[in-house]
Each structure stands twice: as C-alpha cells, then as structure tokens.
Amino acid sequence: MPRFAANLSMMYTEHPFPARFAAASADGFEAVEYLFPYAYDAAVLRRRLDDHGLRQVLFNAPPGDWDSGERGTAALPGREAETRAGIDRALEYAAALDCPRVHVMAGLPAADAARDTYLGNLAWAAEQAAAAGVDILIEPINHRDMPGYFLNRQAEAHAVVTELGADNVKVQLDLYHCQITEGDLTTALRRDLPTGLVGHLQIAGVPDRHEPDAGELNIGHLFDVIDELAFEGWIGCEYRPRAGTSEGLGWLHDYRGAHA
C-alpha cells in the first residue's frame, strides 16, 4: 500500500511549525517532508522527529532569495558557487536528519545557457550526494503556479536524468503539477514508475491544491495504480487543507480502511 508523508509547510499550519511534528504523528503519519529546514538547528528538528517516531523523507536545497521571488538557482548562470554552497548545506542537514532525498530547484532563468548550467550543477550535486547516500531530485512545476520555472514536463525531467546518467538523480513526480501541465496521469504513472527514475511522488487536489479527493482527480484510482506498480517510495501530501488539517484527512482514513 502507498506510504504517505505529511508536508509540514502546507499542512498543520494551524500550529507553530515545531508543533506540527506531533500533530502529524497523532494523525497516523510515519513520515514528513517540508520545503526548507534552515530556519531551525538540525539538532532541534532531529529531536522532533525522534520524539514523535517520524522519518524525514524530503526537503529542498536552499532556493536563493525565496522572499523576493526566487525559486531555485541551479539553472541560473553565474550563481554556481551559491548553488553548490547551498547543496553542501542541504547535505549537512540530510545527514543530521537521516533524510535520503534533497530536491534541488532549478529557478526562473532568462539566459540561453540555463540548461548547461543546470546539468553542470546537478552533476556536481549528484557526486557530492552519492558520497552521503542521498538522492538528488528534480521536479517539473506547472507555469500557472510558478510562471517561468525552468522545468515543466515529465519528459523534460526524464531527459535530464537520462543525460546525467547518475544513479542518484531522480524525478519528483507531483501529480498536481503534472495534471495541470499535461494530464493523463495514469499513463504517466504506468510509463515512468517502472523505469526506477521516479524517487518521490506528491499529491494535491486539482485545481485548487486542497485535499486530494477534491476536484478533478480520482485519487483512489491513482493510489491503486501506484500500488499495482509496487512503488516503494513515499507520497508527499503537499496540499493546503480547506479548513483544519486533521478534519480534512477523511480521504486518507477511507483509503487505509478500505485496504486494511
């Protein structure tokens, strides 16, 4: 059965961030993800995980100046030193948190050299991460939510991973972004999961990014497809609850109950 991780950047926002670990654990989650850990000492986060029996399964490398609208630097020519310093910092946190995956965001490039810059930074990141036993993930993101983002379609991401040829560079397949950009999710799952190049899945309802059972996705069907394909990774619940987080988890309880 699919394994689900609570995204603490979007879920449980009715609690201060440090209290979200306890809330996720109380609702039966065994793992968490979030955007960035860097506002907190790694030892503090490690204690939160340990105190509540949780695993850290994903977070992002530093994205540049997020508050000013930057969404990663890996594809930005001239920012290589900053990108690589950020990856070093992310790997330090990954070691402390025993986190096996780090998402490296590409950014909003304007230069023609963006792809070469991106490939160079990812190759460097893969080499550093391999020594630490960490996978580097790249994620296609839809242009409605993030106009100008470098990577948008699954085929683009898979082409990058294939070209790099590093065993620890994989695709982060967010079904929300994929549905908005290209749709045909069942085909995408059946095509891409068996390749072994997808390292992490994420879900949210379309079009409003609320609970995954709201909107146009047949989430039960998609979970069954993921189960059928024996995906062994995690599914990150990266959505904004319509009201209280716990109150909106009926979709998860129903699915688990039906497959107990």
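## What about the pairing of strand β7 (residues 198–203)?
When you tally the buried positions in β7, you get six out of six residues, the bulk of the element. Of the pairings in the sheet, the one linking strand β6 (residues 169–174) to β7 comprises four bridges and is parallel in character. Looking at the pairing, leucine 173 lines up with leucine 201 of β7. Pairing of β7 with strand β8 (residues 234–237) involves three bridges; the strand directions are parallel. Within β8, the residue paired with glutamine 202 across the bridge is glycine 236. A crossover links β7 with its parallel partner β8, the connecting element being helix α8 (residues 219–228), and its sense is right-handed.

## Observations regarding helix α9 (residues 250–258)
Taken together, the buried positions of α9 are occupied by Trp251, Leu252 and Tyr255. Down the axis of α9, the buried set is contained in an arc of 95 degrees. They therefore lie on one face. Among the exposed residues of α9, those oriented more than 90 degrees off its buried face are Asp254 and Gly257. Structurally, α9 contributes buried residues whose contacts are with β1 (3–7), β7, α8 and β8.

Parameters and conventions
Residues numbered from 1 in each chain as written. Predicted model: local features only at pLDDT ≥ 70, side-chain atom pairs only at ≥ 80, totals over all residues. Heavy atoms only, no water. Buried < 20%, exposed > 50% of the residue type's maximum accessible area, 1.4 Å probe, protein only. Helix = DSSP H or I, 4+ residues; strand = E, 2+ residues; numbered from the N terminus. Pairing = 2+ DSSP bridges. Right-handed = clockwise from strand over helix to strand, strands pointing away. Arc of directions from axis to C-beta. Contact = heavy atoms within 4.5 Å.

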